[in-house]
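Descriptive structure summary
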Amino acid sequence: MARMTLDKLLQSQGFGTRRHCQQLIAGGHVLVAGQAVDDPGMAVDPSGLEFSVFGEPWTYREHVYLALNKPPGYECSRRPSHHPGVLSLLPEPMRWREVQPVGRLDHDTTGLLLLSDDGAFIHAQSSPRRKVPKHYVADTHDPVTPELVSALLAGVQLHDEPAALAASQCEQIGPHRIAISLEQGKYHQVKRMLAAAGNHCEALQRVAIGGLRLQALGLPEGGWCYLGEQELALLNGT
Ligand code: URA
């Protein structure tokens, strides 16, 4: 990878303006591969570079791909209005890097949310042509019946949708609980489908996207992690 100056590298990783990064380095707050440095103009090879800022370790990443176990009560919108935003759950450099959620979960929906600063990745993942299933567990107000499951699999008509929308998979997993998978990502889709089928969604969790399962990531609620190549590849599975 082309070498770059340390101040530019820090800036690319979300540590503030170039000027601020220069001050961090000159102030002795940055270590590179465990060594103290104080020259902001020092040329470094960014690939895999390990550094620390105020003692916190970081590895250079051209882009970041993150999974968050979203708690209830957080908004995915860029300018949250009624609840704190999901970005407030990430370290500050992620916000400087302009990490954004890939798609949205409702403020009261919990579970697997992807975030990235790679625009091409966000675009590709959010494309309506992408038929990768998103898997949810929904708790219902009224008891689940075989008729409810059949209706969700057969397709239900939602207001403002030209055609009926069907779950790609749906099964009862508790007296008031279903596992439901969707290949589309329409606004409030699970909740609206349950309402159209005559029930009501009381709680909703996204448990997987493609073959990437929240449980396998071992994240506590509100916790996040980087996704590596193997995990990203799972996004294309089922
Ligand atoms: N369907 C919904 O109704 N809400 C979500 O947050 C995700 C899918």
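This section reports on the structure supplied with the text. (Residues numbered from 1 in each chain as written. Predicted model: local features only at pLDDT ≥ 70, side-chain atom pairs only at ≥ 80, totals over all residues. Heavy atoms only, no water.)

Some thoughts on the sheet that holds strand S6 (residues 56-59)
One open sheet holds the 4 strands; their spatial order is S3-S2-S5-S6, and the pairing between them is antiparallel. In the strand order of this sheet, the two ends are held by strand S3 (35-36) and S6, each with one partner. In the sheet, strand S5 (residues 50-53) pairs with S6 via 4 bridges, with the strands oriented antiparallel. In the strand pairing of S6, Val 53 is matched with Glu 56. (Pairing = 2+ DSSP bridges. Helix = DSSP H or I, 4+ residues; strand = E, 2+ residues; numbered from the N terminus.)

Description of the pairing of strand S7 (residues 65-70)
Burial runs high along S7: 6 of the 6 residues are buried. Judged from the 3 bridges that link them, S7 and strand S15 (residues 224-226) form a sheet pairing that is antiparallel. Paired with Leu 68 across the strands is Trp 224, a residue of S15. (Buried < 20%, exposed > 50% of the residue type's maximum accessible area, 1.4 Å probe, protein only.)

A short note on the nonpolar core
Membership of the largest hydrophobic core comes to 47 residues, with the highest contact counts inside it found for Leu 10, Phe 51, Ile 178 and Ile 180. Beyond its immediate sequence surroundings of up to four residues, Ile 178 is in contact with Tyr 136, Val 137, Ala 138, Val 144, Val 149, Leu 152, Cys 170, Glu 171, Gln 172, Ile 173 and Leu 194. Membership of the second largest hydrophobic core comes to 17 residues, among which are Ile 209, Leu 214, Leu 217 and Leu 227. (Core = buried A, V, L, I, M, F, W, Y, C linked by side-chain atoms within 4.5 Å. Contact = heavy atoms within 4.5 Å.)

That is the geometry; function is a separate question.
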